[in-house]
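What follows is the residue order along each chain.
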Amino acid sequence: MSRETVSHEQGAIYEFAPEMDPVETVPPGTAVTIETRDSLDGAVQSESDLIDQVPGEVNAATGPIAVEGAMPGDVLRIEIEEIRIAEPEGRVITIDGFGLLDGYPQIEAPETRMTPVEDGQLSFEGIDVPIEPVIGTIGVAPAEESFTTLVPHDHGGNLDTTDMSAGNTAYFPVFQDGALFSMGDCKAAMADGEMCGTGAEVATEIDLTVDLVETDVELARPLVETADAWKTIASAETIETACELANEDAIRLLAADNDLSATEAYMLSSLVGGLEISQVVDPLVTVRNAVPKKYLSAPL
């Protein structure tokens, strides 16, 4: 299969907006390689490079890429096939004013640690950590309001969700003609929560296949399919609100897939769902609700 290549050098955004000019247009079913740069645009190359404050432009997302025939109400399907690390080391940083423990007296900011990558591992202060690449920022053009690439919302954006990884498939509601998807801000490794505000930030090459899904089920926010579960993803100002949205999305899918009322699906979600934290450091927090495929086989 021939594969299109789209590089950050062709175009990268720092804001998901309703109106954007695509750098490439592809038909549904196209295999694409996305080349991304690290979230800090190469500003950190050694441990002496410190970031004093969150940059005005951060998390460059390669794109946008238009999909022929995509219209509002459709669902965009992105099968993530492989994520390759494209530089010899990543970087983990702290920034004053950012992070879960920002302001704690024992936490120093700004600080930088470089993480050399070799043989499937990265090294953090001599501690080996398995490389498990993650796409931090991924999404489509939003419905009305614009969002910087630091912000997650219903369009996707800075979801910082560990399930945005090779072998999984992401689904997004389409709000604008062409969908206009972009991605970047990848990490060689990152824990759920992204507590200090970054993972091991790194440039990557991402192999994926993009398609459109025909479905009668309304998708309000991103959804990710793993080998054994479907996970609704929601972002909000508080963990509680994000959990409510992710649960609401899950019960809508459970009801449609199992012919249940909303109340019955709500009850079932309390038995078989599982709330997971994606990140707690961005302007909005992000959670997901995981439902095993045993109970949610074909939601779309």
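Q: Pulling in residues and values, what's your account of the overall build of the chain?
A: Per the secondary structure count, the chain includes two helices and 22 strands. Projecting the C-alpha coordinates of the chain onto the three principal axes gives extents of approximately 60 × 45 × 40 Å. Burial analysis of the chain (300 residues in total) assigns 54% to the buried set. Long-range contacts, defined here as pairs at least 24 residues apart, represent 77% of the contacts in the chain between residues at least 6 apart. Counting only carbon and sulfur atoms, one obtains 47% of the accessible surface of the chain, whose full area is about 12900 Å².

Q: Account for the sheet that holds strand E5 (residues 30–36), with residues named and values stated.
A: Here nine strands make up an open sheet; going across it, the order is E1-E5-E18-E7-E16-E19-E20-E22-E21 and the pairing mixed. Each edge of the sheet is formed by a strand with only one pairing partner; in this case those strands are strand E1 (3–7) and strand E21 (275–279). Taken over all neighbouring pairs, the strand axes of this sheet differ in orientation by 25 degrees on average, direction set aside. Pairing between E21 and strand E22 (residues 285–292): four bridges, direction antiparallel. Along E22, the bridge assignment pairs Leu 275 with Asn 289. Along the sheet face, helix H1 (residues 239–258) touches strand E19 (223–225), strand E20 (229–236), E21 and E22 and points at about 145 degrees away from the line of E20.

Q: I'd like a description of the environment of Asn 158, backed by residues and values.
A: Looking at where Asn 158 falls in the secondary structure, it is placed in the loop between strand E15 (156–157) and strand E16 (169–173). Among the residues examined, Asn 158 registers a relative accessible area of 1% and is labelled buried. Once the C-alpha coordinates of Asn 158 and Gly 136 are considered, the two residues, 22 residues apart in sequence, prove to be 5.9 Å apart. Each residue touching Asn 158, except ones within four places of it in the same chain, is listed here: Asn 59, Gly 136, Thr 137, Thr 149, Leu 150, Val 151, Pro 152, Asp 185, Gln 279 and Asp 282. Separated by 3.4 Å, the side chains of Asn 158 and Asp 160 make a polar contact.

Q: Lay out empty space enclosed by the protein in plain terms, naming residues and giving numbers.
A: Under the criterion given, the structure shown has two cavities of 30 Å³ or more. Empty space within the largest cavity amounts to approximately 150 Å³. Val 58, Asn 59, Phe 98, Leu 150 and Gly 197 are, among the 19 residues lining the largest cavity, the residues nearest its centre. Its residues assigned to classes, the lining of the largest cavity shows eight nonpolar, five polar and six charged. Quantified by volume, the second largest cavity comes out at close to 60 Å³. Looking at the second largest cavity, the residues that line it are Glu 218, Leu 219, Ala 220, Arg 221, Pro 222, Leu 223, Thr 232, Asp 249, Arg 252 and Leu 253. Among the elements that make up the lining of the second largest cavity, the one with the highest residue count is H1 (three residues). The residue inventory of the lining of the second largest cavity, partitioned by class, reads five nonpolar, one polar and four charged.

Q: Residue-level account of the environment of Thr 149, with values.
A: Within the fold, Thr 149 resides in the loop between strand E13 (147–148) and strand E14 (152–153). The class for Thr 149 is buried, based on a relative accessible area of 0%. Sequence spacing of Thr 149 and Pro 105 is 44 residues, and the spatial spacing of their C-alpha atoms is 29 Å. Beyond its immediate stretch of four places on either side in the chain, Thr 149 contacts Ile 13, Tyr 14, Glu 15, Phe 16, Val 58, Asn 59, Ala 61, Thr 137 and Asn 158.

Q: Provide a residue-level description of the packing of aromatic side chains, including the pertinent values.
A: Applying the stated rule across the entire model yields one aromatic pair. Ring centres of Tyr 171 and Trp 230 lie 5.6 Å apart, and the angle between their planes is 40 degrees; on these two criteria the pair is classed as tilted. Linking Tyr 171 in strand E16 with Trp 230 in strand E20, this pair joins segments that are 59 residues apart in sequence. Classification of Tyr 171 by relative accessible area gives buried; the value is 5%. The buried category is assigned to Trp 230, whose relative accessible area is 6%.

Scoring rules and cut-offs
Residues numbered from 1 in each chain as written. Predicted model: local features only at pLDDT ≥ 70, side-chain atom pairs only at ≥ 80, totals over all residues. Heavy atoms only, no water. Helix = DSSP H or I, 4+ residues; strand = E, 2+ residues; numbered from the N terminus. Buried < 20%, exposed > 50% of the residue type's maximum accessible area, 1.4 Å probe, protein only. Contact = heavy atoms within 4.5 Å. Areas by Shrake-Rupley, 256 points an atom, 1.4 Å probe, with all protein chains shown as cover. Pairing = 2+ DSSP bridges. Axes fitted to C-alpha atoms, helices over the stretch in contact; angles between N-to-C directions. Polar contact = N/O pair within 3.5 Å; in protein donor to acceptor, adjacent residues only side chain to side chain. 1 Å grid on protein atoms, 1.4 Å probe; cavity = no way out; pocket = protein on both sides within 12 Å on 5 of 7 lines; lining within 4 Å. Points joined across faces, edges and corners; volume = space filled by probe spheres on them. Nonpolar A, V, L, I, M, F, W, Y, C, P; charged D, E, K, R; others polar. Phe/Tyr/Trp six-rings, centres within 6.5 Å; stacked < 30°, edge-to-face > 60°.

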